[in-house]
Amino acid sequence: RAAEDLLGVRFSEVIDHPVDFAIQDDETLRDRFKTTLQKREPGYQFDFELPGEDPKSPRIMRGRTSVIHDQEGEKIGIVTIIHDVTHEREMDRMKTEFISTAAHELRTPLTSIQGFSEILITRENVTEEERKKFLSYINEQAVTLAGVVSDLLDISRIESGRGFTLNKVRYYEVGEAIKRAILHFQDISPKHRFEAVLPDKPLELFIDKEKMEQAFNNILGNAVKYSPEGGVIRVVGEVVGDDGARS
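A quick note: this is a predicted structure, and the numbers were derived from the prediction, not measured.

Parameters and conventions
Residues numbered from 1 in each chain as written. Predicted model: local features only at pLDDT ≥ 70, side-chain atom pairs only at ≥ 80, totals over all residues. Heavy atoms only, no water. Helix = DSSP H or I, 4+ residues; strand = E, 2+ residues; numbered from the N terminus. Rg over C-alpha atoms; globule rule 2.2 N^0.38 Å. Buried < 20%, exposed > 50% of the residue type's maximum accessible area, 1.4 Å probe, protein only. Contact = heavy atoms within 4.5 Å. Areas by Shrake-Rupley, 256 points an atom, 1.4 Å probe, with all protein chains shown as cover. Lys, Arg positive; Asp, Glu negative; His and termini not counted. Charge placed at Lys NZ, Arg CZ, Asp CG, Glu CD. 1 Å grid on protein atoms, 1.4 Å probe; cavity = no way out; pocket = protein on both sides within 12 Å on 5 of 7 lines; lining within 4 Å. Points joined across faces, edges and corners; volume = space filled by probe spheres on them. Expected span 1.5 Å × (residues − 1). Pairing = 2+ DSSP bridges. Axes fitted to C-alpha atoms, helices over the stretch in contact; angles between N-to-C directions. Parallel < 35°, antiparallel > 145°, perpendicular 65-115°, else oblique. Nonpolar A, V, L, I, M, F, W, Y, C, P; charged D, E, K, R; others polar.

A. Looking closely at the overall build of the chain. The secondary structure content of the chain amounts to eight helices and seven strands. Taken over C-alpha atoms, the radius of gyration comes to 29 Å for the chain, far larger than the 18 Å a tight globule of 247 residues would show. Projecting the C-alpha coordinates of the chain onto the three principal axes gives extents of approximately 90 × 55 × 40 Å. A total of 247 residues make up the chain; the buried ones form 26% of that total. Partitioning the contacts of the chain with sequence separation of at least 6, the portion at a separation of at least 24 is 55%. About 17200 Å² of surface is accessible on the chain, with carbon and sulfur atoms providing 52% of the total. In the chain, which carries 34 positive and 45 negative side-chain charges, the distance between the mean positions of the two groups comes to 4 Å.

Below is the structure:
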């Protein structure tokens, strides 16, 4: 009965009929079954899709075969066991995206640390003021890098059910954080021209300061990365909402 519901056919209607007759709607599934029957090999595995509740999100099914033998050991048939692996595939996709995101989060501060350290090593005409500024940047990005590692540990704690804490600061001035991020990228990417269009009135929120600065750095880092020939990178901020709410 489970196979009937899964494949959308009734046993009484397809018994003793070829696979081509039993499975008509899904050409991929029909071909996989035919190949499986022809091979008659144990442990053969294949995946296929079935329509889901959302047309854009099909169900992912996995079939695995086992050969049926008679008393003389001759192969007389195939049993195919089908499992719904949609959830497992979705989890695999999320893990892949997470790894990609984590790599990006780690790359941004590492790139800055490498860039400023190379300037200090290779340039002989670095002034004392510049040296202190570059070392300050290196230190800040090292702190940011430690924060990213801490975030990865937070995710591990969330998955284990232990939760995590946001270190929010009241009345943090967001505009100044944006300006600091811009100054940082101006030093490491001089071929770009940065502009900031921000409200004159200070914008104060109740937020996690480190995570907000990390978000600014990621946005500007992407802007630099995807504008390899230089150009203008403009940051625009505004207050929206008629009820006094700010964003």
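B. Summary view of unusual backbone geometry. Unlike most non-glycine residues, Asp16 shows phi in positive territory, near 70 degrees. Within the secondary structure, Asp16 sits in the loop between α2 (11-14) and α3 (19-22). Asp16 sits in the exposed class, given a relative accessible area of 78%.

C. Up close: empty space enclosed by the protein. Throughout the structure, instances matching the rule amount to one cavity of 30 Å³ or more. Space inside the largest cavity adds up to approximately 40 Å³. For the largest cavity, the full set of lining residues is Glu105, Thr108, Pro109, Gln141, Thr144, Val148, Gln214, Asn217 and Asn218. The set of elements that each furnish at least two residues to the lining of the largest cavity consists of α5 (86-122), α6 (128-159) and α8 (209-225).

D. Molecular detail of α8. With 17 residues, α8 extends 24 Å between its outermost C-alpha atoms, agreeing within 8% with the 24 Å of an ideal straight helix rising 1.5 Å per residue. Of the residues making up α8, those classed as buried are Gln214, Phe216, Asn217, Asn218, Leu220, Gly221 and Val224.

E. Spotlight on the environment of Ser150. Mapped onto the fold, Ser150 is located in helix α6. For Ser150, a relative accessible area of 33% translates into the label partly exposed.

F. Broad picture of the sheet that holds strand β1 (residues 45-50). With antiparallel pairing, the three strands of this open sheet are ordered in space as β1-β2-β3. The open sheet is flanked by β1 and β3 (75-84), the only strands paired with a single partner. Along the sheet, successive strands turn relative to each other by an average axial angle of 30 degrees, direction set aside. Contacting β1, β2 (59-69) and β3, α5 runs over the sheet at an angle of about 125 degrees to β2.

G. A look at the packing of α5 against α8. Interaxial distance between α5 and α8 falls to 10 Å at its minimum, and their mutual angle equals 85 degrees. If you check the angle between α5 and α8, you find them roughly perpendicular. Residues His104, Glu105 and Thr108 of α5 lie in contact with α8, whose contacting residues are Gln214, Asn217, Asn218 and Asn222. Residue composition of the contact of α5 with α8, by class: no nonpolar, six polar and one charged.

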